Amino acid sequence: SEKEEEYTESVATNTTGSYTYSGLEKNHIFFIKVEVKTEYGTASKEDTKTTETITGLNSDNTTFTPTPNTWTNGIVKTKVDCSVPGYTLQYSKDLVKWENYTKEIESSQNETIYVRLTDGNNKGEFTSTQITNIDKSIPESASIVLSGGGTITSNPTVQAKVTHTDKESGVEIVQSKWVYNQIANEIGTNEASYTGGNFANNDQTLTLTMGQEGNYYLHVLTIDKAGNRKETISTPIKLTANRHQHTGSPTTGGGCYTTEIRHTHTSSCYATCTIVYSGCKTAVEKNDDQIRCTYTITHRNCGQPEREASRWHADDGNSHVNNDTTSTHQYLICNQGTGVTGYALGCGKNETTIESYTVSY
């Protein structure tokens with residue numbers, strides 16, 4: 001590396017006609033002497049070689065343009081523009097393997113891209129850029145905190161506070177959606193399936209209504225800024241209807257049985273009784289022109305015993321005997337009085353009437 005009167009040391013001896021020097025300084029003159037020994041003598045040639053300094057790359061002469069430059073879960077293509085002419089531009093992703101730059105550099109993951117200039121032998125200092133906008137990880141499961149359970153008289157609802165989390169690109173809140181239904185299984189990550197609406201902010205509380213009895217589920221679709229998606233399903237929200245149960249007794253009343261039932265006799269409560277008055281028998285008493293004689297009264301169908309009675313009639317001088325006569329009357333057969341015989345429902349409800357709901361989860 002210094003010019004001396006004589007070379008004091010041989011760097012190498014070979015007959016291949018080529019030799020590679022290593023560890024040379026840039027921008028320095030090196031002195032080379034080649035000797036060839038033949039059977040006729042020794043021939044030599046002396047020459048010099050100057051190592052060239054390649055321009056190093058930096059932010060002033062190199063521009064990196066990634067596409068896209070926002071979050072993505074796909075591929076980023078990086079265009080490199082260098083303002084230094086006359087050299088070959090090379091790139092590497094590991095500082096070991098270098099390739100000539102001919103088109104945009106594709107990255108399928110976050111990584112560092114290095115670029116440098118070369119003249120074929122010498123290499124300049126490299127500069128680099130980092131690809132950091134690739135996110136292929138799905139978001140974490142959303143946190144769904146339920147409240148509002150218990151017994152509710154009407155219009156049962158439950159509140160669900162939803163918190164989304166993504167540790168890489170972050171959550172795209174206004175794109176994330178939800179739906180509330182009675183489907184226990186996953187419905188997938190197609191946005192069209194989430195008809196409940198979009199989230200306006202993180203930690204948003206939704207008020208969810210319920211109609212018929214059964215289990216309900218809140219499905220949450222979390223979308224991050226790179227477009228990755230995650231479905232989260234809440235624990236079952238169970239709605240149970242509490243129906244009316246009659247209390248009290250139709251015999252003794254109380255509770256729901258508040259209306260008195262009183263018996264009113266109708267025609268079905270009566271039967272017809274035929275009374276037969278037999279003709280007069282022996283006269284038992286006379287008075288002026290009247291005579292009182294005995295006769296028999298017989299109740300037919302009435303269940304009453306036969307009895308005797310007497311009556312006055314004109315005295316015709318004989319023991320008066322008349323033909324039998326009859327009459328009828330109605331008698332009670334229902335065996336019920338007109339007091340309170342029982343109690344009817346007065347609550348105005350039946351056992352399909354829903355009085356309250358129980359919400360549990």
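That block above? That's the structure.
A quick note: this is a predicted structure, and the numbers were derived from the prediction, not measured.

Novice: Please clarify how the overall build of the protein chain should be interpreted in this entry.
Specialist: A count of helices and strands for the protein chain gives 0 helices and 26 strands. Counting only C-alpha atoms, the protein chain reaches 210 × 40 × 30 Å along its principal axes. Classification of the 361 residues of the protein chain by burial places 29% in the buried group. Counting only contacts in the protein chain whose residues sit at least 6 apart along the sequence, the fraction spanning at least 24 positions is 63%. Surface exposure of the protein chain reaches about 22,700 Å², of which carbon and sulfur atoms provide 45%.

Novice: I'm lost on the pairing of strand S9 (residues 127–131) in this one. Help?
Specialist: For a regular strand, side chains alternate in direction, first toward one face of the sheet and then toward the other. Only one face of S9 is covered, namely the one carrying Thr127, Thr129 and Ile131; the face carrying Ser128 and Gln130 has none of its residues buried. The sheet contact formed by strand S8 (residues 111–118) and S9 spans 5 bridges and is antiparallel. Looking across to S9, one finds that valine 115 is bridged to threonine 127.

Novice: Help me understand the state of the cysteines in this model?
Specialist: Should the sulfur atoms of two cysteines be covalently bonded, the bond is a disulfide. In total, this model carries 0 disulfides according to the counting rule given. In this structure cysteine 256 is not part of a disulfide, and its nearest cysteine sulfur, from cysteine 347, lies 3.7 Å away. There is no disulfide at cysteine 334, and the cysteine sulfur nearest it, in cysteine 269, is 3.6 Å away.

Novice: Please explain the environment of histidine 313 as it appears in this structure.
Specialist: Along the chain, histidine 313 turns up in strand S23 (residues 307–314). In the structure, histidine 313 is positioned 20 residues away from cysteine 293 in sequence and 8.1 Å away in space, judged by C-alpha atoms.

Novice: I'm lost on the sheet that holds strand S6 (residues 99–100) in this one. Help?
Specialist: Through backbone hydrogen bonds, the strands of a sheet pair up, either in parallel or in antiparallel fashion. Taking strand neighbours across the sheet as the criterion, the 4 strands line up as S6-S5-S8-S9 in an open arrangement whose pairing is antiparallel. At either margin of the open sheet sits one strand with a lone partner, and together these are S6 and S9. In this structure, strand S5 (residues 88–92) lies alongside S8, joined through 5 bridges in antiparallel fashion. If you follow serine 92 over to S8, its bridge partner there is tyrosine 114.

Novice: Can you help me understand the side chain of histidine 164 in this one?
Specialist: Take histidine 164: it is sitting in the loop between strand S12 (157–163) and strand S13 (177–181). A polar side-chain atom of histidine 164 sits 2.8 Å from a polar atom in the side chain of threonine 222. Here histidine 164 is in contact with Ala142, Val171, Ile173, Ser176, Phe199, Asn202, Val220, Leu221 and Thr222, once residues within four sequence places are set aside.

Calculation rules
In this convention, every chain numbers its residues from 1, walking through the sequence in written order. Totals for whole chains, interfaces and linings use all residues, but because this is a predicted model, local features are given only for residues with pLDDT of at least 70 and pairs of side-chain atoms are given and counted only at 80 or more. Here the side-chain values reflect all heavy atoms present in the structure, with hydrogen atoms and water set aside. Numbering of helices and strands starts at the N terminus; helices are DSSP runs of H or I of at least 4 residues and strands are runs of E of at least 2. Working definition: with a 1.4 Å probe on protein chains only, accessible area under 20% of the residue-type maximum means buried, over 50% means exposed, and in between means partly exposed. Residues are treated as being in contact if the distance between any of their heavy atoms lies within 4.5 Å. For every accessible area listed, the method is Shrake-Rupley and the probe measures 1.4 Å; residues are considered covered only by the protein chains on display. When DSSP finds two or more bridges between a pair of strands, those strands are recorded as paired. Cysteine sulfur atoms are paired as a disulfide whenever they come within 2.5 Å of each other. What qualifies as a polar contact is a pair of N or O atoms within 3.5 Å, subject to a donor-acceptor requirement within protein and to the restriction that residues adjacent in sequence count only when both atoms come from side chains.

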